[in-house]
Each structure stands twice: as structure tokens, then as C-alpha cells.
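Results of the structural survey
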Amino acid sequence: MEFDARIRIAYVACAAYTGGAEKYIGLLAGGLDMKRFEPVLVTTGSPGLEPLRTTVARAGARVEDAQGILSLFRVLRRVRPDIVHVNMPGPFDCSYGLPASIARLSGVRRIVTTEHLPMIRPFAKARVIRAVHMSHVSRFITVSEDNRKHLHEKHGAPPEKIRVVLNGITDPGRCAGIRETGTGQIDLLVAGALEERKGHRVILSAMERLPGNIRLLIAGDGPMRGELESLLASGRYGGRVRLLGRVEEMHDLMSRSHIVVVPSLMEATPYVILEAMAAARPVVASGVFGIPEQVEDGVTGILTRPGDDVSLADAILRLASDPEMMRRAGEAGRRRYEERFTLRMSVESTERIYDEVL
């Protein structure tokens, strides 16, 4: 029987749906050097993770499903990974990091987590439970330098175990130059889960301050969909705002848009900003948490005060009224993507962490 000498990585995902944090796992598992590493995705029974399972399977990786704690233990015992990599969208997800303890009980000695939103402050009980599970972790990966201090100060991760790996994406290719319309219409794009922290109410308030030639496309799905549909049905935006639902392929939307807007109230390093930069589109975004590490204010876009619809509307109007500024910011964003945020850079940085724990 042929022996497979590759390093087996079991990625544990237990979110309710496939969002940015799950996109991270799909990109990472599909981008590994398959001559050295064997990725295995282990999900915990959520139907919302079907898009992630499909993505990873198409990349040629093995997919397993665990229906509960005992099932996860059995799967890990059968898979026998060299490393278990637990994906933590928020610090209290995955039952406060329970898969780390399950992995250790199953015999795995090398455990890595990726912490996407450690800026969320824990309550006392959560911190105690999480500390027990996290005591088994060899390395904590996080996606921005800003996250590093939150992970240590709020969640007690030892500084010597924290590693920052910037998100990266496959190059979709730059979009054609920003199109001019005979009517002077400017199309904005907001893309992401329809949830409170993404700031959809802020951009809708900003739209009420903006002139009629500025229109907005909202791509995404989530718990706020019903509320947003009701707001749009009220007619207060005069048909200038369209809700598109979940969109898998962003490149076409980027090509149809002039400015990508990220009005988030809480965010680490959203993929939509990387997609905008790769497509050579300028970004207007909240200057919150890790976003200033992506958007260089006045160069690749404009940073605004989080939750401030006036600041957001002013920044959009400033860009929309200056086509040359839009072009320069888009080109600068494309260069920044090539220098810092390619998928290869992100994957190779993660592979070095795997080598480190081995």
C-alpha cells in the first residue's frame, strides 16, 4: 500500500452559514501546496456550510461531516490529522472553541486557530470556558495587527503564540477602467452579510443625503434581509437602491460599479475590500479596527467615521465628483493588492506556521 507522507490538516468549521470567515477556509484549503499538505474539511452539520463544503471538494480536498461532539471526536480519531486548524469567526463560536479540546482528547498535539473578530469583549463565564479550550492551542492566527492586541488583552492569548497572517484572494483580474455614463450616474456597491455590524442602515441614511445620480447595489443575504426589503418597499429611496441577494461571483458587480462602500461598524479585514482593490475600484470605508490596514486614506480610497452617515455621504460625494481621483485610487488599490494581499502570500505565511508547530 502506498504511503502518503503529506502533512494532514483538518480544518474544523462550525458556523451557521458560509460568510467571510468560511471563505477564508475555502481559499486556504484550496491554495495549499498539495504536494506537501493534505487538507480535510470537517464541518459540524450546519446546512449553511454547504457552499463551503462544495468549494473545498472542488479544490480536491476531502470533506467530512460531524453531527455533534462525539461525532467530531470519532471523525478526528479516524482522520488522524497532524494539525487541527479550528476556524473561529467570533471568539464565542464553536462553543467557545470546544473543538480544540476535542482535538486534544482525540490525540492531536498540534492545534491552530484563526481568530477573525477578537475585538468582541468576553463576559466572565465565556472567558473562563474559552481559556480552558484555548489552553490546548499551539498558535493563534489572526488577520490584522489591530486584532493582535485584542486577542491578547481581551482573550488572554499569549503574545508569543499569536501570528498575524493577512487575508489574500485569488487574482480575479482588474476590471476595465471605470466607465462614464452619459447621465453622470454613479453606481455604489455594498457587499457582505446582511447583519447589524455591516452598517447597512448607515449607508441607507447616507443615500438620503446624496443626489439622484448616485445609485446603490446591495449584495448579500442574512438576518436583516426582511428589514431592508421593507425599507426599500417604502419608496423613500426613489428606486435608487437595489437588493440583489447572495452573489457568488463578485467580479461582474465590481466591473459595473464605480465605488465600493464598506460602512461596517465592526470589521477586521473584509474580503470585499481586497476584491475591490484587485479589481482597481476605489473604496469608501469605515476607519474601524483592521480596515485602515487595508485602505490607505486618500490614496486607495477614503476612510470615514464609523456609524456617521454624514461623514460617509461626504466621502462618497467627494469621490463621485472627481473621476480622476476615482481612477487614481483604483489603480493605487490594485498595486496595494499585488504587494500585500495575494492568496499566495497568505497561504505561504500560513504554511510557515504549520511548519513552525511541527
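Here the structure is a predicted model, which is why all the values come from computation and not from measurement. (Residues numbered from 1 in each chain as written. Predicted model: local features only at pLDDT ≥ 70, side-chain atom pairs only at ≥ 80, totals over all residues. Heavy atoms only, no water.)

Notes on the overall build of the protein
When helices and strands are tallied, the protein shows 13 helices and 13 strands. Relative to the 2.2 N^0.38 estimate, which gives 21 Å for 358 residues, the radius of gyration of the protein is 21 Å and therefore close to what a compact globule would have. Projected onto its principal axes, the C-alpha coordinates of the protein cover approximately 65 × 40 × 35 Å. The burial tally for the protein puts 54% of its 358 residues in the buried class. (Helix = DSSP H or I, 4+ residues; strand = E, 2+ residues; numbered from the N terminus. Rg over C-alpha atoms; globule rule 2.2 N^0.38 Å. Buried < 20%, exposed > 50% of the residue type's maximum accessible area, 1.4 Å probe, protein only.)

Comments concerning helix H11 (residues 309–320)
Taking 1.5 Å per residue, twelve residues should reach 16 Å; H11 reaches 16 Å between its end C-alpha atoms and fits that length. Looking only at H11, the buried set comprises Asp309, Ser311, Leu312, Ala313, Ala315, Ile316, Leu319 and Ala320. (Expected span 1.5 Å × (residues − 1).)

Some details on the packing of helix H1 (residues 20–31) against helix H13 (residues 343–357)
How two helices sit against one another is set out by the angle between their axes and by the gap between those axes. Direction vectors running N to C along H1 and H13 enclose 80°, while the axes themselves pass 10 Å from each other. What the angle tells us is that H1 and H13 run roughly perpendicular. Between H1, through Leu27, Leu28 and Gly31, and H13, the contact on the second element is made entirely by Leu343, Arg344, Val347, Thr350 and Tyr354. Tallied by class, residues from the contact of H1 with H13 come to five nonpolar, two polar and one charged. (Axes fitted to C-alpha atoms, helices over the stretch in contact; angles between N-to-C directions. Parallel < 35°, antiparallel > 145°, perpendicular 65-115°, else oblique. Contact = heavy atoms within 4.5 Å. Nonpolar A, V, L, I, M, F, W, Y, C, P; charged D, E, K, R; others polar.)

Here's the deal with the pairing of strand E12 (residues 283–286)
If a strand is regular, its side chains alternate between the two faces of the sheet. The side-chain alternation of E12 yields two buried faces, one formed by Val283 and Ala285 and the other by Val284 and Ser286. As paired strands, strand E11 (residues 259–262) and E12 are joined by three bridges and run parallel to one another. Considered in E12, the bridge of Val261 is made with Val284. The handedness of the E11 to E12 crossover, carried by helix H10 (residues 271–278), is right-handed. Pairing of E12 with strand E13 (residues 301–304) involves four bridges; the strand directions are parallel. Considered in E13, the bridge of Ala285 is made with Leu303. (Pairing = 2+ DSSP bridges. Right-handed = clockwise from strand over helix to strand, strands pointing away.)

Observations regarding the packing of helix H4 (residues 93–105) against helix H5 (residues 124–134)
Put simply, H4 and H5 touch, their axes get as near as 7 Å, and they point 20° apart. Considering the angle they form, H4 stands roughly parallel to H5. The interaxial crossing formed by H4 with H5 has left-handed handedness. For the pair H4 and H5, the contacting residues are Ser95, Tyr96, Gly97, Leu98, Ala100 and Ser101 in the first and Ala126, Ile129, Arg130, Val132, His133 and Met134 in the second. Per-class residue counts for the contact of H4 with H5 are seven nonpolar, four polar and one charged. (Left-handed = near helix turned anticlockwise from the far one by under 90°.)

Considering the environment of Ala233
Within the secondary structure, Ala233 is located in helix H8 (residues 225–233). A relative accessible area of 68% means that Ala233 is categorised as exposed. Between the C-alpha atom of Ala233 and that of Ile203, which follows or precedes it by 30 residues, the distance is 16 Å.

Considering the nonpolar core
Generally speaking, a soluble globular protein has its nonpolar side chains buried in company with each other. One finds Tyr11, Leu189, Met254, Val262, Ile273 and Tyr354 to be the most contacted residues of the largest nonpolar core, which totals 53 residues. The element contributing the most residues to this core is H10, with seven residues. Not counting the four nearest positions on each side in its chain, Val262 is found in contact with Pro270, Val272, Ile273, Val283, Val284, Ala285, Ser286 and Ile291. With 30 residues, the next largest nonpolar core counts Val190, Met207, Ile214 and Leu319 among its residues. (Core = buried A, V, L, I, M, F, W, Y, C linked by side-chain atoms within 4.5 Å.)

Brief notes about the packing of aromatic side chains
Throughout the structure, instances matching the rule amount to four aromatic pairs. The interplanar angle of 55° and the centroid separation of 6.0 Å between the aromatic rings of Phe92 and Tyr96 together place this pair among those described as tilted. Considering the side-chain rings of Phe92 and Phe123, the 5.6 Å spacing of their centres and the 55° angle between planes classify their relative orientation as tilted. Remark: Phe123 occurs in the loop between strand E5 (111–115) and H5 and Phe92 occurs in the loop between strand E4 (83–88) and H4; sequence separation between them is 31 residues. Put simply, the rings of Phe92, Tyr96 and Phe123 touch in pairs and so form one group of aromatic residues. (Phe/Tyr/Trp six-rings, centres within 6.5 Å; stacked < 30°, edge-to-face > 60°.)

A short note on the state of the cysteines
Simply put, the disulfide is a covalent bond whose two ends are the sulfur atoms of two cysteines. This model, assessed by the stated rule, comprises one disulfide. Here Cys14 pairs with Cys94 through a disulfide, and the sulfurs are 1.8 Å apart. Here the residue Cys14 occupies a position in the loop between strand E1 (7–13) and H1, and Cys94 occupies one in helix H4, the gap between them amounting to 80 residues. (Disulfide = S-S within 2.5 Å.)

Side note on the sheet that holds strand E9 (residues 214–219)
Across the sheet, six strands lie side by side as E10-E9-E8-E11-E12-E13; this open sheet has parallel pairing. The outermost strands of the open sheet, each flanked by one partner alone, are strand E10 (241–245) and E13. Ignoring strand direction, the axes of neighbouring strands in this sheet form an average angle of 20°.

Some words on the sheet that holds E5
Sheets are built from strands paired through backbone hydrogen bonds, the pairs being either parallel or antiparallel. With parallel pairing, seven strands are arranged side by side in an open sheet as E3-E2-E1-E4-E5-E6-E7. Strand pairing shows two members of the sheet lacking a second neighbour, strand E3 (62–65) and strand E7 (162–164), which therefore form its edges. The mean angle between the axes of side-by-side strands here comes to 25°, regardless of whether they run parallel or antiparallel. Against the sheet, helix H6 (residues 145–153) engages E5, strand E6 (139–142) and E7, with an angle of about 165° to E7.

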